[in-house]
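Residues per chain are reported as follows:
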Amino acid sequence: MEEKSRKKGPKSGKERSKEFRERQKRYHKTQTEQIRRLQERNFELEAKNKQLVKENSDLKKDIKDLKENILGTSYVKPCDIDKPQHNPKFDHPLHEYEDFMYNHLAQKLQKNPEEVRFSTWEQTREKVANYSDERIDYLKKRFNDILDNMLNLHSKTYQALNRKITIKNYLKKTKIKKRYKKGLDKTSELPDPEDVYLDCQFSTENLEFVKRNQDYLMKYMKQIKKIAQSLVVLRNKLLNIYSEEKRMYHNPEFNYDYKKSDLASKFKVIATLKHSCLLSPHYIFDIPKKIHSGSTYQEGELTD
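Residues numbered from 1 in each chain as written. Predicted model: local features only at pLDDT ≥ 70, side-chain atom pairs only at ≥ 80, totals over all residues. Heavy atoms only, no water.

Novice: What should I look at first to understand the overall build of the protein in this one?
Specialist: Regarding its fold elements, the protein presents 12 helices and zero strands. When the elements of the protein are put in sequence order from the N terminus, they spell out α-α-α-α-α-α-α-α-α-α-α-α. Sorting the 304 residues of the protein into buried and exposed places 24% on the buried side. For the protein, the proportion of contacts with a sequence separation of at least 24, taken over those separated by at least 6, is 60%. Carbon and sulfur atoms make up 54% of the accessible area of the protein, which totals about 24000 Å². (Helix = DSSP H or I, 4+ residues; strand = E, 2+ residues; numbered from the N terminus. Buried < 20%, exposed > 50% of the residue type's maximum accessible area, 1.4 Å probe, protein only. Contact = heavy atoms within 4.5 Å. Areas by Shrake-Rupley, 256 points an atom, 1.4 Å probe, with all protein chains shown as cover.)

Novice: Would you mind showing me how to read the pattern of salt bridges here?
Specialist: Any two side chains of opposite charge can pair, so long as their charged atoms come close to each other. Enumeration over the complete set of coordinates arrives at 12 salt bridges. The salt bridge partner of Glu-126 is Arg-125, with a shortest N-O separation of 3.9 Å. For Arg-125, a relative accessible area of 17% puts it in the buried group. Across the pair Arg-247 and Glu-244 runs a salt bridge, and its minimum N-O distance is 2.5 Å. Residue Arg-247 and its partner Glu-244 are located together in helix α10 (residues 204-249), separated by three residues, close to a single helical turn. Connected through salt bridges with shared partners, the residues Glu-33, Arg-36, Arg-37 and Glu-40 form a single ionic network. (Salt bridge = Lys/Arg side-chain N within 4 Å of Asp/Glu carboxyl O.)

Novice: I would appreciate a short explanation of the nonpolar core in the present structure.
Specialist: Within the largest apolar cluster, 13 residues are counted, with the highest numbers of intra-cluster contacts made by Met-101, Leu-105, Leu-109, Trp-121, Leu-263 and Phe-267. Of all the elements in the fold, those that place two or more residues in this core are α3 (93-111), α4 (118-128) and α11 (260-273). Leu-109 has contacts with Val-116, Lys-260, Leu-263, Ala-264 and Phe-267, leaving out every residue within four places of it along the chain. Grouped together as the second largest cluster of nonpolar side chains are 11 residues, Leu-151, Ile-167, Leu-171 and Leu-207 included. (Core = buried A, V, L, I, M, F, W, Y, C linked by side-chain atoms within 4.5 Å.)

Novice: Explanation requested: unusual backbone geometry in the structure shown.
Specialist: Most of the time, phi is negative for any residue but glycine, and the peptide bond is trans. Look at Asp-286: it is not a glycine, yet its phi comes out positive at around 55°. One can find Asp-286 in the segment after α12 (281-284). Classification of Asp-286 as exposed rests on a relative accessible area of 67%.

Novice: Explain the side chain of Glu-245 here, please?
Specialist: Structurally, the position occupied by Glu-245 is in helix α10. Look past the residues within four positions of Glu-245 in its chain and what remains in contact with it is Asn-130 and Tyr-131.

Novice: Please clarify how the packing of aromatic side chains should be interpreted in this entry.
Specialist: The relation between two aromatic rings is expressed through the spacing of the ring centres and the mutual angle of the planes. Inspection of the entire model under this criterion finds four aromatic pairs. Taking 6.0 Å as the distance between ring centres and 65° as the angle between the ring planes, the aromatic pair formed by Tyr-102 and Phe-267 counts as edge-to-face. Taken together, the positions of Tyr-102 in helix α3 and Phe-267 in helix α11 put the pair 165 residues apart, joining distant regions of the chain. Judged by its relative accessible area of 31%, Tyr-102 is partly exposed. (Phe/Tyr/Trp six-rings, centres within 6.5 Å; stacked < 30°, edge-to-face > 60°.)

Novice: Explain α11 to me, please; I cannot follow it from the model alone.
Specialist: Note that an α-helix has 3.6 residues per turn; residues three or four places apart therefore point the same way. For α11, which comprises 14 residues, the first-to-last C-alpha distance of 20 Å matches the rise-based estimate of 20 Å (1.5 Å per residue) to within 8%. Within the span of α11, buried status applies to Lys-260, Leu-263, Ala-264 and Phe-267. An end-on view of α11 places all buried positions within 100° of arc, on one side of the element. For α11, the exposed residues set more than 90 degrees away from the buried face come down to Lys-268 and Thr-272. Lining the buried residues of α11 we find α3 and α4. (Expected span 1.5 Å × (residues − 1). Arc of directions from axis to C-beta.)

Novice: Help me understand the packing of α3 against α4, please; the structure alone is not making it clear to me.
Specialist: To describe two helices that pack against each other, one gives the angle between their axes and the distance between the axes. Contact geometry of α3 with α4 gives a least axis separation of 9 Å together with a crossing angle of 140°. Classified by the angle their axes make, α3 and α4 are oblique. Crossing geometry of α3 relative to α4 is assigned as left-handed. Seen from α3, the contacting residues are Leu-94, Tyr-97, Glu-98, Phe-100, Met-101, Tyr-102 and Leu-105; seen from α4, they are Thr-120, Trp-121, Thr-124, Arg-125, Lys-127 and Val-128. Of the residues that constitute the contact of α3 with α4, the class distribution is eight nonpolar, two polar and three charged. (Axes fitted to C-alpha atoms, helices over the stretch in contact; angles between N-to-C directions. Parallel < 35°, antiparallel > 145°, perpendicular 65-115°, else oblique. Left-handed = near helix turned anticlockwise from the far one by under 90°. Nonpolar A, V, L, I, M, F, W, Y, C, P; charged D, E, K, R; others polar.)

Novice: Hey, could you run me through helix α5 (residues 133-148) in this one?
Specialist: Taking 1.5 Å of rise per residue, 16 residues should cover 22 Å, and α5 covers 22 Å from first to last C-alpha, within 8% of that figure. Among the residues of α5, those classed as buried are Glu-134, Arg-135, Ile-136, Tyr-138 and Phe-143.

Novice: Teacher, can you tell me more about the packing of α5 against α10 here?
Specialist: Two numbers describe how α5 lies on α10: the axes approach to 12 Å, and their chain directions differ by 175°. Considering the angle they form, α5 stands roughly antiparallel to α10. Contacts from Asp-133, Ile-136, Leu-139, Lys-140, Phe-143 and Leu-147 in α5 reach Ala-228, Leu-231, Val-232, Arg-235, Leu-238, Leu-239, Tyr-242 and Lys-246 in α10. A per-class count over the contact of α5 with α10 returns 10 nonpolar, no polar and four charged.

This is how it looks when you write it as structure tokens:
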């Protein structure tokens, strides 16, 4: 019993010192191992960084060679691939890329395909693709131009004012204009359409004209508004289709294999057809031409 009680008693200073030294050894060993691993990781990252710096330098040199040797100094360069320079000959960078693709690059492929690098073709193809940022930007701008020019300034002003106050309410308030008029707030950045209307003086004849034709005017503007909204829906459908096409082409599983001879043949076909009526909207999209002399268009037909 006395022997067991001595084993359970407090540890001696010698035992505690031994355990402390062992804990120190384990701690230092752990710290040393962590430092070793961090040093190895640091060496790996430094080596990777040197490799990336070298690759970046090589790519910059390739781009420089691409510009000088492939595009040629005699050709008016449409771009450096990422930052196209403005050329007065073209109204948008998209058309610069298309000119380079279907004229300069096509000629080189016909004469000597080996002078054309695949990287040149692939980068330019991305710039003229249906889904390219340049084409999407061009379509958006042209679409906004269509919307902006659907109405003349007079009609756009009329439409803007009538979003706040209808013709019917305007005619009603003109009868009590002297009592109602608050005066136009010229300090406001966005004028109140109602105040703009009531601040103006219109002749009795003009008011009578508006009163007689208010139903037609409202119907007319509603129809145009509905058409504009429908065009926006169709525009978004087109852009969504191009977005899906981009995902397809950039999918690694989409195998797009070709040889330079294939590119040369493709450009030969394009050169043969590009100035023919076979590439007109009427033929491509199966849109009937307006051939009658009537002023009213039939659904789906387009003037040549």
